[in-house]
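Residue-level structural notes
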Amino acid sequence: MKVLVFSAHAADFCSRAGGAIIKIVEAGGSVDIYDLSYGERCESPALWVRDPKPTIDEVKAIRKQEMEEAAEILGATINCYDFGDSPLVVSPERQLQMLDTIREIKPELVLSHWVNDVMHPDHVETTRAALWACSYCNAGGIETAHEPVGRPRLICYETTMGTSPISGFVPDLYVDITDVFARKIEALKKLAAQPPLPEVYEILNRYRAMEAQHMAGMSDCRYAEGFARIGKEPVA
Ligand SMILES: [Zn+2]
């Protein structure tokens, strides 16, 4: 399976879907990740407390290296549009850029943030643009560098730990990541500008595993990632 992952900030792809990315690659699939920004303003807390304060370009350079190292551990390629974050604004021109990425890569599946991740507007903006790009990548009347392609399926990954009661994120798909969980944590540790990530997502993935045990009969599952599908078509 060819999979394209859109991620608002440097680490989102890894914290929310890193285990599933490893599983897809291990099964013979390919995963290309496109970060919309480096998360330089709102998701690089450990860098902004340094004295002297780094420049924005220094923060972006550090985050670039972190996310490349994390993606390598997952077995995926990674690029960054560098749209800037907080506020992350995807203009019509940038939407076309994302649409053209879909036409170039021709994924069967696109992963992005939960459509209603209201506690983080940059995430909502990302999926608004991703949904548009998935919906119109087949339109002959929209000209970009690459030819129109069939529409990929869009599946949403986790909201920020603790916000799902507000955002209404309820998984209807669980991926058992028990056997690759250590690698996911290894990748998360590369994203050192966000020190809480390994602990936070260990708790969340353990919790999702309990849901998977009860809701999906995945009795041996110790760690899981939860996803919500847009629409109700079956996923192979
Ligand atoms: Zn984020």
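Quick caveat, the model's predicted, so the values are computed rather than measured.

A look at the overall build of the protein chain
Per the secondary structure count, the protein chain includes eight helices and seven strands. Here the protein chain has a C-alpha radius of gyration of 17 Å; the compact-globule value for 236 residues is 18 Å, and the two agree. A separation threshold of at least 6 residues defines the contact pool for the protein chain, and within that pool the share at least 24 residues apart is 77%. Carbon and sulfur atoms make up 55% of the accessible area of the protein chain, which amounts to about 10600 Å² in all. Averaging the positions of the 24 positive and the 35 negative side-chain charges in the protein chain gives two centres separated by 2 Å.

Some thoughts on the pairing of strand 5 (residues 153–156)
The side chains of a regular strand alternate, residue by residue, between the two faces of the sheet. Burial along strand 5 is two-sided: Arg-153 and Ile-155 and Leu-154 and Cys-156, pointing in opposite directions, are all buried. Pairing between strand 4 (residues 109–112) and strand 5: four bridges, direction parallel. Counted as the bridge partner of Leu-109 is Arg-153 from strand 5. Sheet topology note: the strand 5/strand 7 (residues 224–229) ladder contains two bridges and is antiparallel. When the sheet's bridge partners are listed, Cys-156 is paired in strand 7 with Ala-228.

Some points on the nonpolar core
Counting residues in each nonpolar core, the largest one holds 37 residues, and the members touching the most others are Val-5, Phe-13, Ile-21, Val-31, Ile-33, Leu-111 and Leu-191. Among the elements of the structure, strand 1 (2–7), helix 1 (12–26), strand 2 (30–35), helix 3 (56–74), strand 4, helix 7 (181–190) and helix 8 (197–216) are those that each provide at least two residues to this core. Excluding its chain neighbours within four sequence positions, the residues that come into contact with Val-31 are Val-3, Val-5, Ile-21, Ile-24, Val-25, Ala-76 and Thr-77. The next biggest cluster of nonpolar side chains, apart from the first, holds 23 residues, and it includes Leu-88, Val-90, Leu-99 and Cys-134.

Structural notes on the coordination of the zinc ion
Protein-derived coordination of the zinc ion comes from His-9 (ND1), Asp-12 (OD), Asp-12 (OD), Glu-43 (OE), Glu-43 (OE) and His-123 (NE2), at a distance range of 2.1 to 2.7 Å. Bound by six donor atoms, the zinc ion shows angles of 51 to 158° at the metal and therefore irregular coordination geometry. Here the donor residues of the zinc ion are spaced in sequence according to H-x2-D-x30-E-x79-H. Pair noted here: His-9 is in the loop between strand 1 and helix 1 and Glu-43 is in the loop between strand 2 and helix 2 (45–48), with a separation of 34 residues, a long-range link. For the pair His-9 and Glu-43, a shared accessibility class is recorded, and that class is buried.

Some words on the packing of aromatic side chains
Scanning the entire structure with this criterion turns up five aromatic pairs. Here the aromatic rings of Tyr-34 and Tyr-81 are separated by 5.1 Å at their centres, their planes lie at 35°, and the arrangement is tilted. Taken as a pair, Tyr-34 in strand 2 and Tyr-81 in the loop between strand 3 (77–80) and helix 4 (92–105) lie far apart in primary sequence, 47 residues in all. With a relative accessible area of 11%, Tyr-81 lands in the buried category. Note on Trp-114 and Phe-169: the rings are 5.6 Å apart at their centroids and 75° apart in plane angle, and the pair reads as edge-to-face. Of the two residues, Trp-114 is situated in the loop between strand 4 and helix 5 (121–136) and Phe-169 in the loop between helix 6 (164–167) and strand 6 (173–176); the sequence distance between them amounts to 55 residues. Residue classification places Trp-114 among the buried residues on the basis of a relative accessible area of 14%.

Observations concerning the environment of Arg-16
Inspection of the secondary structure puts Arg-16 in helix 1. Residue classification places Arg-16 among the buried residues on the basis of a relative accessible area of 4%. Each C-alpha atom, one on Arg-16 and one on Thr-159, is 7.8 Å from the other, the two residues being 143 residues apart in sequence. Ignoring anything within four residues of it in the chain, the contact list for Arg-16 reads Asp-117, His-123, Tyr-157, Glu-158, Thr-159, Thr-160, Lys-184, Tyr-201, Glu-225 and Phe-227. Among the polar contacts listed, one links the side chain of Arg-16 to the side chain of Ser-15, at a separation of 3.4 Å.

Some remarks on a nonpolar patch on the surface
On the surface, Val-118, Met-119 and Ile-166 cluster together into a nonpolar patch covering about 300 Å² of accessible area. Along the chain, Ile-166 falls in helix 6. For Ile-166, a relative accessible area of 57% translates into the label exposed.

Let's talk about the packing of helix 4 against helix 5
At a closest axis distance of 9 Å, the pairing of helix 4 and helix 5 adopts a crossing angle of 50°. Relative to helix 5, helix 4 is oriented oblique. For the element pair helix 4 and helix 5, the recorded crossing hand is right-handed. Within the contact between the two elements, helix 4 uses Gln-95, Leu-96, Met-98, Leu-99, Ile-102 and Arg-103 and helix 5 uses Thr-126, Arg-128, Ala-129, Ala-130, Trp-132, Ala-133, Cys-134 and Tyr-136. For the contact of helix 4 with helix 5, the residue count by class is 10 nonpolar, two polar and two charged.

Analysis parameters
- Residues numbered from 1 in each chain as written.
- Predicted model: local features only at pLDDT ≥ 70, side-chain atom pairs only at ≥ 80, totals over all residues.
- Heavy atoms only, no water.
- Helix = DSSP H or I, 4+ residues; strand = E, 2+ residues; numbered from the N terminus.
- Rg over C-alpha atoms; globule rule 2.2 N^0.38 Å.
- Contact = heavy atoms within 4.5 Å.
- Areas by Shrake-Rupley, 256 points an atom, 1.4 Å probe, with all protein chains shown as cover.
- Lys, Arg positive; Asp, Glu negative; His and termini not counted.
- Charge placed at Lys NZ, Arg CZ, Asp CG, Glu CD.
- Buried < 20%, exposed > 50% of the residue type's maximum accessible area, 1.4 Å probe, protein only.
- Pairing = 2+ DSSP bridges.
- Core = buried A, V, L, I, M, F, W, Y, C linked by side-chain atoms within 4.5 Å.
- Donors = N, O, S within 2.8 Å, 3.2 Å for Na, K, Ca; no water.
- Tetrahedral: all angles 85-135°; square planar, octahedral: opposite > 155°, others 65-115°.
- Phe/Tyr/Trp six-rings, centres within 6.5 Å; stacked < 30°, edge-to-face > 60°.
- Polar contact = N/O pair within 3.5 Å; in protein donor to acceptor, adjacent residues only side chain to side chain.
- Patch = residues over 30% accessible without salt bridge, like charges linked within 9 Å, V, L, I, M, F, W, Y side chains within 5 Å.
- Salt bridge = Lys/Arg side-chain N within 4 Å of Asp/Glu carboxyl O.
- Axes fitted to C-alpha atoms, helices over the stretch in contact; angles between N-to-C directions.
- Parallel < 35°, antiparallel > 145°, perpendicular 65-115°, else oblique.
- Left-handed = near helix turned anticlockwise from the far one by under 90°.
- Nonpolar A, V, L, I, M, F, W, Y, C, P; charged D, E, K, R; others polar.

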